[in-house]
Amino acid sequence: MRASLRPPRWWSRSSTRGTDARAMSPRDGQRMPTGFAVIALGKHGGAELNYSSDIDLCFVYEAEGETDGPEVVSNRAFFARVAEQLVGALTAMTEEGTVFRVDLRLRPEGTGGPLALPLAAYRAYHQTRGAQWERQALIKARVATGDERVGQAFLDLAREIVYRPGVEREALGEIRAMKNRIDRRSPRARAAGAPRQARRGGIRDIEFHIQALQLLYGGQDPWLRERQQPAGPPPARRAGVPLLGGVGAARARLHIPPDDRASPPAPARAPDAHAAG
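First, a word on what this report is: a plain description of the structure on this page.

Basis of the calculations
Residues numbered from 1 in each chain as written. Predicted model: local features only at pLDDT ≥ 70, side-chain atom pairs only at ≥ 80, totals over all residues. Heavy atoms only, no water. Helix = DSSP H or I, 4+ residues; strand = E, 2+ residues; numbered from the N terminus. Buried < 20%, exposed > 50% of the residue type's maximum accessible area, 1.4 Å probe, protein only. Contact = heavy atoms within 4.5 Å. Areas by Shrake-Rupley, 256 points an atom, 1.4 Å probe, with all protein chains shown as cover. Core = buried A, V, L, I, M, F, W, Y, C linked by side-chain atoms within 4.5 Å. Salt bridge = Lys/Arg side-chain N within 4 Å of Asp/Glu carboxyl O. Pairing = 2+ DSSP bridges. Phe/Tyr/Trp six-rings, centres within 6.5 Å; stacked < 30°, edge-to-face > 60°. Axes fitted to C-alpha atoms, helices over the stretch in contact; angles between N-to-C directions. Parallel < 35°, antiparallel > 145°, perpendicular 65-115°, else oblique. Nonpolar A, V, L, I, M, F, W, Y, C, P; charged D, E, K, R; others polar. Arc of directions from axis to C-beta.

Some remarks on the overall build of the protein chain
- Each helix and strand counted, the protein chain has nine helices and seven strands in total.
- The buried share of the protein chain, reckoned over its 277 residues, is 43%.
- Looking at the protein chain alone, contacts between residues at least 24 apart form 67% of all its contacts between residues at least 6 apart.
- A total accessible area of about 14,500 Å² is found for the protein chain, and carbon and sulfur atoms account for 52% of it.

Here's the deal with the nonpolar core
- Residues Ile39, Val60, Tyr122, Leu138, Phe154 and Ile175 are the most contacted members of the largest nonpolar core, which totals 26 residues.
- Elements with a contribution of two residues or more to this core: strand E2 (36-41), strand E3 (55-61), helix H3 (119-128), helix H5 (148-162), helix H6 (167-191) and helix H7 (203-217).
- Discounting residues that sit within four places of it in the chain, Val60 has contacts with Gly35, Phe36, Ala37, Ile39, Leu117, Pro118, Leu119, Tyr122, Val150 and Phe154.
- Formed by 19 residues, the second largest nonpolar core is a distinct cluster that contains Met24, Phe78, Leu90 and Leu104.

Things to note about the pattern of salt bridges
- The full count for this structure, using the stated rule, is 11 salt bridges.
- In this structure, Glu48 and Lys140 form a salt bridge, with 3.0 Å as the shortest nitrogen-oxygen distance. You can see Glu48 sitting in the loop between helix H1 (42-45) and E3 and its partner Lys140 sitting in the loop between helix H4 (132-137) and strand E7 (142-146), a full 92 residues away along the chain.
- The class for Lys140 is buried, based on a relative accessible area of 6%.
- Via salt bridges that share partners, Arg27, Arg31 and Asp68 belong to a single interconnected network.

Re the environment of Asp28
- With respect to the secondary-structure elements, Asp28 resides in strand E1 (residues 25-28).
- Separated by 36 residues in the primary sequence, Asp28 and Glu64 place their C-alpha atoms 5.7 Å from one another.

Re the pairing of E2
- With six of six residues buried, E2 is to be regarded as a mostly interior element.
- Here E2 shows two buried faces, one formed by Phe36, Val38 and Ala40 and the other by Ala37, Ile39 and Leu41.
- Where E2 lies against E3, six bridges are found, and the strand directions are antiparallel. When the sheet's bridge partners are listed, Ile39 is paired in E3 with Cys58.
- Pairing geometry for E2 and E7, over four bridges, is antiparallel. Paired with Ala37 across the strands is Gly146, a residue of E7.

Quick notes on the packing of aromatic side chains
- Applying the stated rule across the entire model yields five aromatic pairs.
- When the ring of Tyr61 is compared with that of Phe79, the centres are 4.8 Å apart and the planes differ by 25°; the resulting orientation is stacked. Taken together, the positions of Tyr61 in strand E3 and Phe79 in helix H2 (residues 75-91) put the pair 18 residues apart, joining distant regions of the chain.
- Relative accessible area serves as the criterion here: at 0%, Tyr61 is assigned to the buried category.

Quick notes on the pairing of E3
- Burial within E3 is extensive, with seven of its seven residues counted as buried.
- Burial of the side chains of E3 extends over both faces: Ile55, Leu57, Phe59 and Tyr61 are buried on one face and Asp56, Cys58 and Val60 on the other.
- Taken together, the three bridges between E3 and strand E6 (residues 116-118) define a ladder with parallel strand orientation. If you follow Phe59 over to E6, its bridge partner there is Ala116.

A few points about the packing of H3 against H5
- Where H3 contacts H5, the axes come no closer than 11 Å and their chain directions differ by 10°. Considering their axes alone, H3 and H5 lie roughly parallel with respect to each other. The segment H3 lies against H5, with Leu119, Tyr122, Arg123, His126 and Gln127 engaging Val150, Ala153, Phe154, Leu157, Glu160 and Ile161.
- Classifying every residue of the contact of H3 with H5 gives seven nonpolar, two polar and two charged.

Brief notes about H3
- Of the positions making up H3, those classed as buried are Leu119, Tyr122, Tyr125 and His126. Viewed end-on, H3 has its buried residues packed into an arc of 130°, placing them on one side of the element. For H3, the exposed residues lying more than 90 degrees away from the buried face are Ala120, Gln127 and Thr128.
- Among the structural elements, E3, E6, H4 and H5 are those in contact with the buried residues of H3.

Let's talk about unusual backbone geometry
- Its identity as a non-glycine residue notwithstanding, Ala47 has a phi of 55°, on the positive side.
- Structurally, the position occupied by Ala47 is in the loop between H1 and E3.
- Non-glycine residue Glu109 carries a positive phi angle of around 70°.
- Mapped onto the elements of the fold, Glu109 is located in the loop between strand E5 (102-103) and E6.

Printed below as a string of structure tokens:
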């Protein structure tokens, strides 16, 4: 089913040069309506939000083109404004606070990239210059809202990027390098009083190992392609891949308000990153 392109309540009537944006309809080069979807990544994508989480989002539309209506603008400009309006509604300060803090840095080119991109641009970016950690972030991709067909096309593309044949050979060296950088930062983070989940053996370290193993073996075994954790470990154990225990307990602890938490447990023991090879 295709989601309606009618702008929602948070859409500004004057989001372009004085024209009522509700009269504008984005279309592709064949003059067919162009859909738009919001993709959740990170903890939001994995349905693992805790009390202090922000939400990672990226925005995708079907194809380049321009709008119909009294004012013609490019689809990129139109959907960038849609994204701006949505982020503004989520982050606006009210008497009751904000809905969410929004992080858009996982989109192609990070803070320097366009807010919204077509499917073809996501494909080109990840095929030519996307980094390993950017591919790893797509493991948790989920359609949050918008056009279902466009959202599913993005998920299909994400699976193709993350689990493409032969990725394990080129990924292993990058994974080891990332793990070494994390380990070098860990003592400094501990000395600076970083939260336990950010240190060696914490939940982020555990999640890194799980996602690294998903990258390495998910192409061969589709049942490893889980967005949520700790859903990933059991099938990985079936494959004979050693994974850490206690993920559920560590994750559940992050959902307890800070004032209600008991004394923290000892961090889990991190396995050798080279063991995956």
